[in-house]
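The lines below spell out each chain.
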Amino acid sequence: MHSTEIRYFLAVANCGSLAAASQQLFVAVSAISRQIQRLEAKVGAPLFERHARGMVLNDAGKILENHVRKSMRDMEYAMAEIQGLRAVRRTLIRVIGTDGMAFDLLPTLLTRFRAQTPSVTFHLMVSPAAEVSEALRNGEADVALQFCLTPERGVEVVAAFPAPVLLVMRPDHPLAQGPVDLASLHPYPLALPEPGTTIRQLFDLSCRMSGTFLEPTLSCNNFSALYQFMLNTPQAITACSHFSLLFRARQDGVRLRDLQIGQLSQRTLQIQAQAGTRPSAALTLFLAFLREEIGAKSAAFQHDFGLA
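Residues numbered from 1 in each chain as written. Predicted model: local features only at pLDDT ≥ 70, side-chain atom pairs only at ≥ 80, totals over all residues. Heavy atoms only, no water.

A. Representation of the packing of helix H2 (residues 18–25) against helix H3 (residues 29–43) within the structure. As a packed pair, H2 and H3 sit with axes 9 Å apart at the nearest point and diverge in direction by 110 degrees. Judged on the interaxial angle alone, H3 and H2 are roughly perpendicular. As for the relative orientation of H2 and H3, their crossing is right-handed in sense. Two secondary-structure elements touch here, H2 through Leu18, Ala19, Ala21, Ser22 and Leu25 and H3 through Val29, Ile32 and Ser33. (Axes fitted to C-alpha atoms, helices over the stretch in contact; angles between N-to-C directions. Helix = DSSP H or I, 4+ residues; strand = E, 2+ residues; numbered from the N terminus. Parallel < 35°, antiparallel > 145°, perpendicular 65-115°, else oblique. Left-handed = near helix turned anticlockwise from the far one by under 90°. Contact = heavy atoms within 4.5 Å.)

The following block contains the structure:
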């Protein structure tokens, strides 16, 4: 329902060149080029940076693309409402989260929600933290769960929960009972996320501020690998939030220990949604379910594991 100029503009933006857009649209390169030039004349500014290998949106182009895509989403909502499809049926919800969220928390929550609302389906994307909120802003996801150190711009924060960094170990570990601090970790194999993750940033900062040097035995960008290493390596320790093991910890009988260091308590787990858009009926239910379920299960977990 958008003009030819806009359709061709989006095609070039997606494909990265006139030639690729031509193949996608089955339209001559010259015709696409004329429409792009006509649109730029209307806007009064170039929309692309033109290179030998293709075309990339400039700042003006990105602004126009964001507005066009928002308009398209609004049109989709309107059409769905007109056709009566906003009821909670045949609805796809796109969820994005970081690796720690996809290990235990999100699969369990999606299963529990579908037990109540089986007509809803999900597409789950796992991305680095830097890409999660960006996917919301770009309209590529409907809801996001991620750990944050600072407020995220351009998204709606539905709920936020304290998410301190905790040590995780087997129940027979020497540090499973009694006092624990950074210096006491020296003798034991450490499995930690890669530098750049929020956990590693806070952990390394705490070490520097206490004058403690700790070198991980295993560094990895996959929490499942870190967790399995901890389970299968004698006296190994890994680190995560209790949310990453909210349902799995009891099953595996692991112990979680709080170092009681201020820097390790600076994170929050945020449930985020697109800002400025009207959620579908199914998404509204799902967001409320996440807020209530995570809040209740987190409080019970902290009490049972002595973390409250």
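Resuming the write-up.
B. Representation of helix H9 (residues 223–232) in the model. The set of residues buried in H9 consists of Phe223, Leu226, Tyr227, Met230 and Leu231. For H9, the angular spread of the buried residues around the axis is 135 degrees, confining them to a single face. Where H9 is buried, its residues contact helix H5 (99–103), strand S7 (166–169), strand S8 (190–193), strand S9 (218–220), strand S10 (237–240) and helix H10 (248–252). Its side-chain oxygen 3.1 Å from the backbone nitrogen of Ser224, Asn222 forms the N-cap of H9. (Buried < 20%, exposed > 50% of the residue type's maximum accessible area, 1.4 Å probe, protein only. Arc of directions from axis to C-beta. Polar contact = N/O pair within 3.5 Å; in protein donor to acceptor, adjacent residues only side chain to side chain.)

C. The arrangement of the packing of aromatic side chains in detail. Counting across every chain of the model gives 11 aromatic pairs. Relative to Tyr227, the ring of Phe223 lies with its centre 5.8 Å away and its plane at 35 degrees, an arrangement referred to as tilted. Remark: Tyr227 and Phe223 occur in helix H9; sequence separation between them is 4 residues, near one turn of the helix. Taking the relative accessible area as the measure of exposure, Phe223 reaches 6% and is therefore buried. The ring centre of Phe147 lies 3.9 Å from the NZ or CZ of Arg267, which sits over that ring. (Phe/Tyr/Trp six-rings, centres within 6.5 Å; stacked < 30°, edge-to-face > 60°. Lys NZ or Arg CZ within 6 Å of the ring centre and 35° of its normal.)

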